[in-house]
Amino acid sequence: MYAEIVFPLPFRKAFTYLVPEEFESLAVKGVRAVAPFGKRTLTGFIVNTSDETSVTEKIKPILDILDDEPIIDEKGFKFYDWLSDYYLSSLGEALRLAVPYGTDIESKRKIIVDPEFCKKLYEEEKNKDSVRAKILKELLNRTEISQNYLQRIVGKKNIYSQLQTLKRKGAISIVDDIKGAKVKAKKVKYVKLKKSVGEIYADFPELETRSPKQVKILLEVISAKGKDLPAAELLHKTESSKSSLDSLEKKGYVEVFEKEVDRRYKEVYKEEHQKFTLTKQQKKIIDEVLKPAAKNKFKTYLLHGVTGSGKTQVYIEITKEVLKNNKSALILVPEISLTPQITSRLYNNFGDSVTVIHSRMSAGERYDSWQRVFKGKSKVVVGARSALFAPLKDIGLIVVDEEHDSSYKSFDIIPRYHARDAAVVLGSIHKCPVVLGSATPSVESMYNAKTGKYNLLELPERIDDAKLPHITLVNVNRERKKQRMENVFSKILLDKIEDRLKKKEGVIILQNRRGFSTQIYCEDCGEVEICDNCSVPMVFHINKNIIQCHYCGLIKDVPGACTHCGSLAIKYFGTGTERVEDELSFYFPKAAISRVDSDAIARRSALSKILLEFGKGDIDILVGTQMVSKGLDFSRVTLVGVISAETTLWLPDFRADERTFQLLTQVSGRAGRSKTPGEVIIQTQNEKHFALQMVLKNDYEGFYKKEIIDREKMGYPPFTRIALIEAKDKNENKAKGAAYDFYKELIRYGEWLKISQPAYAVISRLKGFYRFHILVKSVKEKDPGGGILRKAILNSFMEYNKKSRYKDVKLFYDIDPQSVM
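Novice: Hey, could you run me through the overall build of the chain in this one?
Specialist: Helix and strand content of the chain: 26 helices and 36 strands. Computed over its C-alpha atoms, the radius of gyration of the chain comes to 30 Å, within 12% of the 28 Å expected for a compact globule of 821 residues. Expressed as a percentage of the 821 residues in the chain, the buried residues total 54%. Taking all contacts inside the chain whose residues are at least 6 apart in sequence as the whole, residues at least 24 apart take part in 75%. If you sum the accessible surface of the chain, you get close to 38,800 Å²; carbon and sulfur atoms cover 49% of it. Where the 137 positive side-chain charges of the chain centre and where its 110 negative ones centre are 1 Å apart.

Right, here's the structure in full:
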């Protein structure tokens, strides 16, 4: 028997292996198999089995099968095939997303070093810049190192021949270290009675004189009335040692056994379960979505509802009906900041049939969540983009909340998928309705709704007679001239905050920049403190007294003088959330202020605790980045202040206007979500800007009409499909050379595609790598499915790999990028 296996590597083909007799019953399509691959051992997926093969060379056998039943079914394979094909990855790389991190088995190559011998060889080496010298320099201070790490430090992938030479000389030895799964089911020791209670009581007098601790343990187990008790808890409660429990086990009084326990992610944030009366409009939308759900039909809906119009309740009501038909539901939310409130509401309605999946969970919790869904114990999955790959069966509904959000796009893992677009394809495979919800739909989704690809549903009014907030644009330049600015705050905003604090109402302040100051500038030489690894300014964090790069994480001490010229005339410019928080504390010393950004909520459950306190009124003012603009629903918030509308507006990206309109409309929507009217103050340097005027009028339709004309004129989505090709390397000339070599191959498709010349990326250096970009546009009229675009990129890559001398340079493709920076 033979099996074809795909691995999470960039090879677009399956590899054939022999299936040993003991694995024949287990080796089926969709299970994971451990197999030798080159000089390594890896875990891959079986995609096919057969009794014969056309392979003529020696075939290696499979080493192990990890699953008792297939993880991927036929619908799953259809989905992952599409994902790998559309986003230009291998099927193995796409299937890697289907299993929780840390469950695979793989070997790591380890180098055992003789440091003295390596030191001697390094001293004898004439050319200290050679690859061999670099390797020896790394080895002479170590006794062991992983081959992967050595390749990274030396900056060269192909060091195999050099290592073999050193091995023959006896300077090193190379071993394969097979690592088992990092994450497994958690087992805990439990205790239960083995003898009858009567027998135990009869032995008490003797036990009491010899070992009173054992009697204490037995009494505790007896009082549990047949319930198994965790051993650690039992010993802690009775203040006993493990030896006492071991003695009882030896004497046959108790049985100690292992039991698998479920690691559940506990959400600290909780809300009272409220009974809602649905509006006519909500009922109409629910009935409309349930029609295809009842007939197992695929349909995509764009639910355009203003902020506070009750979209979440619509999702919950549709989910209730779907569960009655014994189907499951997948609800995607864009970010961690949205999960506490929506999760609490889902738990209130569906109890333990809800499973949460997101990045803040431990590996063990994610593994157990995955197992719960796989075994069919959970029918409702809620989470960020990775929840898309939860092993749900019989999906009857898919919801993508805040569908416009850019965090649905994966930017660091291959394939670089977009969870919203992938969710629509998943819905088509499972033949179920897909609901994309937003108060500010993306231009692409609204275009799809206007052209009939999606069905448009609208909730134009807030629930409970709540009115949309009154918005005021404040020109900070004019206010400064009138001397009505207090540092970063206008007098108008400070007065409004003071008024709300007196009334004990909630205030949210948005500044979409972390840190205290976003630039450190020297007045003498004009230089800005730039990161050593990236072409971006370092940000000053006052709380930790450090400067940090927000791209690579580099941390340095705050410079006492300019690092370029030594001058003491250094100034701190720009405003981050820390500075806003600091100034608010100065103006309102009695107010309770909390900050919500990725620095402040790094600790587990920190966000949930802040939201809980804010909801109760223990926190008066919430200061944050775009996290505070999404989904937060607190009736006590009556004022929202925006420190600077320009943070996203001035970015060199074709989506800058759209992002600004969405961010400001969303954050405005946090105010006035009850009978008390809300107010929004937006500070800006240019209140006449079109996007800001549309925010002021709350005119999504007006914004969309102008934006769609601009997009068509400039040849951007939704009229074109774009791909961003990135060449990156630590050597600038190599990165540039690779980009130009790839461009030479790609330009042959210039008849069908619009291809930009290679250019430095907007952030030209990131994490030590120089970056060059090629932007490729494919007009949807000529290439509706993007097949020409994908074929051009793949064929160009094959030719580039044959001809270019820079083929060791990393090339990345991003289909439908959310940012071209």
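From this point, the narrative continues.
Novice: I keep staring at the side chain of R673 and nothing clicks. Help me out?
Specialist: Summarising the element assignment, R673 is placed in the loop between α22 (656–668) and β31 (679–684). Judged by its relative accessible area of 18%, R673 falls in the buried class. Reaching out from R673, the side chain makes a polar contact with the backbone oxygen of G669 at a distance of 2.8 Å. Among all residues touching R673, those that are not within four sequence positions of it are T307, G308, R462, A466, L632, D633, F634, S635 and V637.

Novice: Where do I start with the packing of helix α25 (residues 732–746) against helix α26 (residues 787–803) in this structure?
Specialist: A pair of packed helices is characterised by two quantities: the angle between their axes and the separation of those axes. α26 packs onto α25 with a crossing angle of 125° between their chain directions and a minimal axis gap of 8 Å. In terms of orientation, α25 and α26 fall into the oblique class. Handedness of the α25/α26 crossing: right-handed. The residues of α26 that touch α25, namely those facing A738, D741, F742, E745 and L746, are A792, I793, S796, F797, E799, Y800 and K803.

Novice: Could you clarify how one ought to interpret the sheet that holds strand β15 (residues 380–383) in this entry?
Specialist: Judged by pairing direction, the sheet is parallel, and its seven strands sit side by side in the order β14-β15-β13-β16-β17-β12-β18 without closing on themselves. At either margin of the open sheet sits one strand with a lone partner, and together these are β14 (354–357) and β18 (455–459). Looking at each pair of strands side by side, their axes are set apart by 20° on average, direction ignored. Looking at chain direction, strand β13 (residues 328–332) and β15 are connected through four bridges and run parallel.

Novice: Where do I start with a nonpolar patch on the surface in this structure?
Specialist: Among the surface-exposed residues, V197, Y201 and L219 lie close enough to one another that they form a single nonpolar patch of about 250 Å² accessible area. On the secondary structure map, L219 appears in helix α8 (residues 212–223). Relative accessible area serves as the criterion here: at 41%, L219 is assigned to the partly exposed category.

Novice: Even after reading the chapter, I still don't get α8, so can you show me in this structure?
Specialist: One full turn of an α-helix is made of 3.6 residues, so residues set three or four places apart face in the same direction. Taking 1.5 Å of rise per residue, the twelve residues of α8 would be expected to cover 16 Å, and the 17 Å separating its terminal C-alpha atoms lies within 8% of that figure. Structurally, α8 contributes buried residues whose contacts are with β9 (186–193), α7 (197–210), β10 (229–230), α9 (231–238), α10 (242–250) and β11 (254–261). Positive phi appears at K225, one or two residues downstream of α8, with a value of about 55°.

Novice: It is not clear to me how unusual backbone geometry should be interpreted in this structure. Could you clarify?
Specialist: What you tend to see is this: most non-glycine residues have negative phi, and most peptide bonds are trans. P415 follows I414 through a cis peptide bond whose omega is 0°. Of note, P415 is situated in the loop between β16 (395–401) and α15 (419–430). One non-glycine residue with positive phi stands out, namely D816, at about 55°. Along the chain, D816 falls in the segment after β36 (810–815).

Novice: Honestly, a negative patch on the surface in this entry has me stumped. Any pointers?
Specialist: Negative charge collects at one region of the surface, where E21, E22, E24, D51 and E52 lie side by side. One can find E52 in the loop between β4 (40–50) and β5 (64–65).

Novice: Sorry, what's going on with the packing of aromatic side chains here?
Specialist: The relative placement of two aromatic rings is captured by the distance of their centres and the angle of their planes. In total, this model carries 33 aromatic pairs according to the counting rule given. For the ring pair F15 and F37, a centre distance of 5.1 Å and an interplane angle of 90° mean the geometry is edge-to-face. Residue F15 is found in strand β2 (residues 15–18), and its partner F37 is found in strand β3 (residues 32–37); the two are separated by 22 residues along the sequence. With 5.0 Å between their ring centres and 85° between their planes, F389 and Y417 make a pair best called edge-to-face. Taken together, the positions of F389 in the loop between β15 and β16 and Y417 in the loop between β16 and α15 put the pair 28 residues apart, joining distant regions of the chain. Feature note: the residues F7, F11, F15, Y17 and F37 constitute an aromatic cluster, connected by ring pairs. A cation over a ring is seen here: K259 above Y190, with NZ or CZ 4.3 Å from the ring centre. Note that K706 overlies the ring of F690, its terminal NZ or CZ placed 4.9 Å from the centroid.

Novice: Would you mind showing me how to read the sheet that holds strand β25 (residues 546–548) here?
Specialist: Taking strand neighbours across the sheet as the criterion, the three strands line up as β24-β25-β26 in an open arrangement whose pairing is antiparallel. Edge positions in the sheet fall to β24 (539–541) and β26 (555–557), since each of these pairs with one other strand and no more. Neighbouring strand axes in the sheet, compared pairwise and without regard to direction, differ in orientation by 35° on average. The pairing of β25 with β26 spans three bridges and is classified as antiparallel.

Novice: Help me understand the nonpolar core, please; the structure alone is not making it clear to me.
Specialist: Most often, soluble globular proteins keep nonpolar side chains buried together rather than apart. Grouped together as the largest cluster of nonpolar side chains are 112 residues, with contacts concentrated most on F79, Y80, L83, L388 and I793. By size, the runner-up hydrophobic cluster in this structure holds 28 residues, among which are I285, I318, V333 and L457.

Criteria and cut-off values
Residue numbering note: each chain is counted from 1, following its sequence as written. pLDDT decides what is reported in this predicted model: residues at 70 or higher carry local features, side-chain atom pairs at 80 or more are listed and counted, and totals for whole chains, interfaces and linings draw on all residues regardless. As a rule here, side-chain values cover all heavy atoms of the structure and leave hydrogens and water aside. A run of DSSP states H or I qualifies as a helix once it reaches four residues; a run of E qualifies as a strand once it reaches two. Both are numbered from the N-terminal end. Within these notes, the globule rule equals 2.2 Å times the number of residues to the 0.38 power, and the radius of gyration is based on C-alpha atoms. Buried, partly exposed and exposed residues are distinguished by accessible area as a fraction of the type maximum, computed with a 1.4 Å probe on protein chains only: under 20%, between the cut-offs, and over 50%, respectively. Throughout, a contact is declared for two residues whenever any of their heavy atoms are within 4.5 Å. Per-residue and other accessible areas follow the Shrake-Rupley method at a 1.4 Å probe size, with only the shown protein chains counted as cover for residues. Here the positive residues are Lys and Arg and the negative ones are Asp and Glu; neither His nor the chain ends is included. Charge coordinates come from a single atom per side chain, which is NZ of Lys, CZ of Arg, CG of Asp or CD of Glu. Think of a polar contact as two N or O atoms within 3.5 Å of one another; within protein, one of them needs to be a possible hydrogen donor and the other a possible acceptor, and neighboring residues in sequence only count if both atoms come from side chains. Axes, fitted as lines to C-alpha atoms, cover a helix only where it is in contact. Angles between the N-to-C directions of the axes lie from 0 to 180 degrees. For classification purposes, an angle smaller than 35 degrees is called roughly parallel, one larger than 145 roughly antiparallel, one from 65 to 115 roughly perpendicular, and anything else oblique. Left-handed describes a crossing whose near helix is turned anticlockwise from the far helix by less than a right angle; the clockwise case is right-handed. Strand pairing is defined by DSSP finding a minimum of two bridges between the two strands. Residues qualify for a patch when their relative accessible area is over 30% and they have no salt bridge, like charges being joined within 9 Å and the nonpolar side chains of Val, Leu, Ile, Met, Phe, Trp and Tyr within 5 Å. Here a salt bridge means any side-chain nitrogen of Lys or Arg lying within 4 Å of a carboxyl oxygen belonging to Asp or Glu. Residue count minus one, scaled by 1.5 Å, sets the expected span of a helix. The rule is short: rings of Phe, Tyr and Trp, with Trp giving its six-membered ring, pair when the centres are within 6.5 Å, and they are stacked under 30 degrees, edge-to-face over 60, tilted in between. Two limits define a charge over a ring: the Lys NZ or Arg CZ must be within 6 Å of the ring centre, and within 35 degrees of the ring normal. Residue types Ala, Val, Leu, Ile, Met, Phe, Trp, Tyr and Cys, when buried and joined through side-chain atoms within 4.5 Å, form a set referred to as a nonpolar core.

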